[in-house]
Amino acid sequence: MSREIIAGVHATRAEMLRLKRRVQIARRGHDLLVEKRDALLMHFFDAVGKFENIRKRLEAALIEAYKKFIRAKLIVGSDKIYELAYSMPERFEIDEKIRNIIGVPIPIFEVYIKDKPEKGWWYNTQETSATIDDAVKGMEEVVKLMVELAEVETAVKRLAEVIIMTKRRVNALEKVIIPRLENTVKYIQMQLEERTREDFFRLKRIKKIHEVQKAAVA
């Protein structure tokens with residue numbers, strides 16, 4: 001704990017009262033920051049748990065989608081797969097919104113997948129295989145999970161940044177600012193008490209001198 005005092009402080013009663021008010025404000029601020037830190041940590045660990053869950057689901061979905069594409073490739077051939085991939089229109093759109101978690105802006109990503117045409121797919125199903133359809137559906141699930149994972153990962157990073165910053169502020173208040181204010185208040189109190197004692201002895205001496213002078217006159 002710091003034992004420093006505020007440099008250049010004036011040891012007056014008014015200054016002491018002002019610093020006592022600052023101590024109260026600093027303590028209230030400290031308590032609020034501790035509450036914020038604890039609440040952020042709760043959201044942070046919740047997001048970390050979601051991240052691990054989504055990551056595992058994404059890994060499983062990627063493996064399954066890869067298997068489906070391998071089966072499709074074996075049936076229709078690599079050339080047909082590449083032909084269909086380049087002929088497919090843009091089907092994915094991502095919208096971003098913002099939500100606040102205890103003052104921390106967290107993005108929400110929503111992925112929109114264009115529905116297939118009313119009749120058939122985007123390609124001639126008679127020239128392909130049902131395995132292509134399965135592979136496309138599998139990749140749609142992968143994209144959804146990737147967007148979901150990106151959202152949670154961003155939340156984890158932003159929450160971690162704010163938690164670190166909040167911890168630094170809490171530590172600064174606990175170990176530097178509040179102790180320095182309290183030390184300065186104690187210093188002023190000691191100075192005022194010392195002055196009071198000096199004034200008391202000075203008055204006592206003056207009184208004694210007056211009594212001696214009075215006795216000498218008598």
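These numbers were taken from a predicted model, which means no experiment stands behind them.

**Some points on the overall build of the protein chain**
Within the protein chain, the secondary structure is distributed over three helices and two strands. A buried classification covers 29% of the 218 residues belonging to the protein chain. At a minimum sequence separation of 6, the contacts of the protein chain that also span at least 24 residues come to 77%. Carbon and sulfur atoms make up 56% of the accessible area of the protein chain, which amounts to about 15,400 Å² in all.

**Some points on the pairing of strand β1 (residues 92-101)**
Alignment of β1 against strand β2 (residues 104-113), held across 10 bridges, turns out to be antiparallel. Its bridge partner being in β2, Asp-95 is matched across the sheet by Glu-110. Between β1 and β2, which pair antiparallel and follow one another directly, the connecting turn spans two residues, one of which, Ile-102, has a positive phi of 55°.

**Considering a nonpolar patch on the surface**
On the surface, Tyr-66, Ile-70, Leu-74 and Ile-75 cluster together into a nonpolar patch covering about 460 Å² of accessible area. Within the fold, Leu-74 resides in helix α1 (residues 13-76). Note on Leu-74: relative accessible area 70%, which makes it exposed.

**Describing the pattern of salt bridges**
Using the criterion set out here, one finds 11 salt bridges in the structure. Of the charged contacts in the structure, one is a salt bridge between Asp-46 and Lys-50, with a shortest N-O distance of 3.6 Å. One end of the pair, Asp-46, and the other, Lys-50, are both in helix α1, four residues apart, so they sit about a helical turn from each other. You can call Asp-46 partly exposed: its relative accessible area is 44%. Linking Glu-194 and Arg-197 is a salt bridge whose minimum nitrogen-to-oxygen distance equals 2.6 Å. Here Arg-197 and Glu-194 lie together in helix α3 (residues 130-217), a separation of three residues that amounts to about one turn.

**Looking at the packing of α1 against helix α2 (residues 78-87)**
Here α1 crosses α2 at 115°, and the two axes come no closer than 7 Å. In this structure, α1 uses Ala-72, Lys-73 and Val-76 to contact α2, whose residues at the interface are Ser-78, Lys-80 and Ile-81. Here the contact of α1 with α2 is composed, by residue class, of three nonpolar, one polar and two charged.

**A look at α1**
Along its 64 residues, α1 runs 91 Å from first to last C-alpha, staying within 8% of the 94 Å computed at 1.5 Å per residue. Positive backbone phi, at 95°, marks Gly-77, one or two positions downstream of α1.

**Quick look at the nonpolar core**
Grouped burial of nonpolar side chains is what soluble globular proteins tend to show. Residues Leu-40, Val-104, Ile-106, Val-152 and Leu-159 are the most contacted members of the largest nonpolar core, which totals 20 residues. At the level of secondary structure, the elements contributing two or more residues to this core comprise α1, β2 and α3. Take this core: its biggest share by element is nine residues, from α3. Ile-106 has contacts with Lys-97, Ile-98, Arg-99, Ile-101, Ala-155, Arg-158 and Leu-159, leaving out every residue within four places of it along the chain. Counting 15 residues, the second-largest nonpolar core is a separate cluster that includes Met-16, Leu-19, Leu-173 and Val-185.

**A short note on the environment of Asp-134**
Here Asp-134 lies in helix α3. When its relative accessible area of 38% is taken as the criterion, Asp-134 is described as partly exposed. It is 8.3 Å that separates the C-alpha atoms of Asp-134 and Ala-65, two residues lying 69 residues apart in sequence.

**Some remarks on the environment of Ala-72**
Mapping Ala-72 onto the fold places it in helix α1. Of the residues examined, Ala-72 reaches a relative accessible area of 0% and is grouped as buried. A sequence separation of 61 residues divides Ala-72 from Asp-133, and the C-alpha atoms of the two residues are 8.9 Å apart. Non-local contacts of Ala-72, meaning those with residues more than four positions away in its chain, are made with Gly-77, Ile-81, Thr-131 and Ile-132.

**Observations concerning the packing of aromatic side chains**
Going through the model one piece at a time under the given rule, you end up with one aromatic pair. Ring centres of Phe-44 and Phe-45 lie 5.4 Å apart, and the angle between their planes is 70°; this geometry places the pair in the edge-to-face category. A residue is classified by how much of its surface remains accessible, and Phe-45, at 56% relative accessible area, is exposed.

Rules behind the numbers
Residues numbered from 1 in each chain as written. Predicted model: local features only at pLDDT ≥ 70, side-chain atom pairs only at ≥ 80, totals over all residues. Heavy atoms only, no water. Helix = DSSP H or I, 4+ residues; strand = E, 2+ residues; numbered from the N terminus. Buried < 20%, exposed > 50% of the residue type's maximum accessible area, 1.4 Å probe, protein only. Contact = heavy atoms within 4.5 Å. Areas by Shrake-Rupley, 256 points an atom, 1.4 Å probe, with all protein chains shown as cover. Pairing = 2+ DSSP bridges. Patch = residues over 30% accessible without salt bridge, like charges linked within 9 Å, V, L, I, M, F, W, Y side chains within 5 Å. Salt bridge = Lys/Arg side-chain N within 4 Å of Asp/Glu carboxyl O. Axes fitted to C-alpha atoms, helices over the stretch in contact; angles between N-to-C directions. Nonpolar A, V, L, I, M, F, W, Y, C, P; charged D, E, K, R; others polar. Expected span 1.5 Å × (residues − 1). Core = buried A, V, L, I, M, F, W, Y, C linked by side-chain atoms within 4.5 Å. Phe/Tyr/Trp six-rings, centres within 6.5 Å; stacked < 30°, edge-to-face > 60°.

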